[in-house]
Amino acid sequence: MIFVHPDPNAPSIADWFGPVEPHIGPHVPEELIEYGELKSSYEIKANWKVVVENYIDVYHLSHLHSNTLQMYDHKAAKYHWEGPHYMFWEPPVEEFLENQESKLIAPRVIPEGANGAWVPMLFPGIGLAGSEDGWNIFIIEPLEPELTRVINRGRVSNSSGWEFTKQSMKSSNFWTKFGLSGKYESHDAMNDDDPMVAGDFTGEDVYACEQQQKSLKSPYFETGPVATGETPIVEHQKVVLEWLGRDK
Ligand SMILES: [Fe+2]
């Protein structure tokens, strides 16, 4: 990745990202290898800030992703800010943690003492998503006021194909029983590819972002009380206002 700053006297990138390093997670990306099949790109009909806010919102995890990300304990999530950057970690639930080596779908990439999902968002739009068996990058690219492109790339253990096959076979039994599925069960009014029944957390997020964007134009739109898990959204809006040179 190449970073370019339009100001010739820009501060160093090490200063920008430096304070983040101790909190960002245990992964060592340069020791992992990029896996082409994890690369994807898609567009979301929403402003880039809506996409960031969806990414950092802790509250939505238990609700929107109740059947797709339930292997992590959202109630035990820990998060804080390092300047404009958001840090996030949450542990695996007991069911996923117990004898975890037989449940990872790919070879382990972090020490057991550092188990969990490490999902920071570096301002303004670089999300990282690391787990016990992989490390992903989520680039948010504003295209238009109501259109954003997301580019995903992923790295995995530098192990042989046979190691991956073994791990995949070993873990398949657990995932069949654990049951990732859609938020709602399919019924006559919904197709199986409906984002609320398809069982794909990315599809759920895209749907939520687009609905959120649409709601801003509704005559019935209003803001209400903020849940504790939603406070990252308010903090993000303060960061954006600060960069716009506006009072918070
Ligand atoms: Fe989400």
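Computed from a predicted structure; not experimentally measured.

Participant: Would you explain the overall build of the chain in this entry?
Facilitator: On a plain count of helices and strands, the chain comes out with seven helices and nine strands. Against the 2.2 N^0.38 benchmark of 18 Å for 248 residues, the chain shows a C-alpha radius of gyration of 19 Å, consistent with a compact globule. C-alpha atoms of the chain, sized along the principal axes, occupy 55 × 50 × 30 Å. When each of the 248 residues of the chain is scored for burial, the buried share is 23%.

Participant: What should I look at first to understand the nonpolar core in this one?
Facilitator: Ranked by internal contacts, the top residues of the largest apolar core, which has 23 residues, are Ile44, Val51, Val52, Ile56 and Cys209. Going through the elements one at a time, α2 (48–56), β4 (85–90), β5 (117–118) and α6 (201–215) are the ones with two or more residues in this core. With six residues, the top contributor of residues to this core is α2. Each residue touching valine 52, except ones within four places of it in the same chain, is listed here: Met121, Gly125, Ile140 and His236.

Participant: I'm lost on the environment of glutamate 210 in this one. Help?
Facilitator: Along the chain, the position of glutamate 210 falls in helix α6. Here glutamate 210 is in contact with Ile44, Lys45 and Ala46, once residues within four sequence places are set aside.

Participant: Help me understand unusual backbone geometry, please; the structure alone is not making it clear to me.
Facilitator: Note the cis peptide between phenylalanine 123 and proline 124, where omega equals 5°. Here proline 124 lies in the loop between β6 (121–122) and β7 (126–131). In this model, asparagine 99 sits at a positive phi of 50°, which is unusual for a non-glycine residue. Structurally, the position occupied by asparagine 99 is in the loop between α4 (94–97) and β5.

Participant: How do you make sense of the packing of α2 against α6 when you look at a structure like this?
Facilitator: To describe two helices that pack against each other, one gives the angle between their axes and the distance between the axes. Where α2 contacts α6, the axes come no closer than 10 Å and their chain directions differ by 130°. In this view, α2 runs oblique relative to α6, as classed from their interaxial angle. Both α2 and α6 take part in a crossing whose hand is right-handed. Together, Val50, Val51 and Asn54 of α2 and Asp205, Ala208, Cys209, Gln212 and Gln213 of α6 make up the contact between the two elements. Considering only residue class, the contact of α2 with α6 consists of four nonpolar, three polar and one charged.

Participant: How do you make sense of the pairing of strand β3 (residues 78–82) when you look at a structure like this?
Facilitator: For a regular strand, the rule is simple: side chains alternate between the two faces of the sheet. Sheet topology places β3 next to β4; five bridges connect them, and they run antiparallel. Across the sheet, residue glutamate 82 finds its bridge partner in β4, namely histidine 85. From the end of β3 to the start of β4, which pair antiparallel, there are two residues, and glycine 83 there has a positive phi angle of about 60°.

Participant: What is the right way to look at α2 in this model?
Facilitator: Given 3.6 residues to a turn, an α-helix orients residues that are three or four positions apart in the same direction. Of all nine residues making up α2, seven are buried, and the element is well covered by its neighbours. Every buried residue belonging to α2 is among Trp48, Val50, Val51, Val52, Glu53, Tyr55 and Ile56, and all of these are buried.

Participant: Please explain the pairing of β4 as it appears in this structure.
Facilitator: Taken across its six residues, β4 has six buried, putting it largely inside the fold. Of the strand pairs in this sheet, β4 and β5 are connected by two bridges, and their pairing is antiparallel. Among the inter-strand pairings, glutamate 90 is bridged to a residue of β5, identified as alanine 117.

Rules and cut-offs
- Residues numbered from 1 in each chain as written.
- Predicted model: local features only at pLDDT ≥ 70, side-chain atom pairs only at ≥ 80, totals over all residues.
- Helix = DSSP H or I, 4+ residues; strand = E, 2+ residues; numbered from the N terminus.
- Rg over C-alpha atoms; globule rule 2.2 N^0.38 Å.
- Buried ≥ 20, exposed ≤ 12 C-beta atoms within 10 Å, placed from the backbone.
- Core = buried A, V, L, I, M, F, W, Y, C linked by C-beta atoms within 7 Å.
- Contact = placed C-beta atoms within 7 Å.
- Axes fitted to C-alpha atoms, helices over the stretch in contact; angles between N-to-C directions.
- Parallel < 35°, antiparallel > 145°, perpendicular 65-115°, else oblique.
- Left-handed = near helix turned anticlockwise from the far one by under 90°.
- Nonpolar A, V, L, I, M, F, W, Y, C, P; charged D, E, K, R; others polar.
- Pairing = 2+ DSSP bridges.

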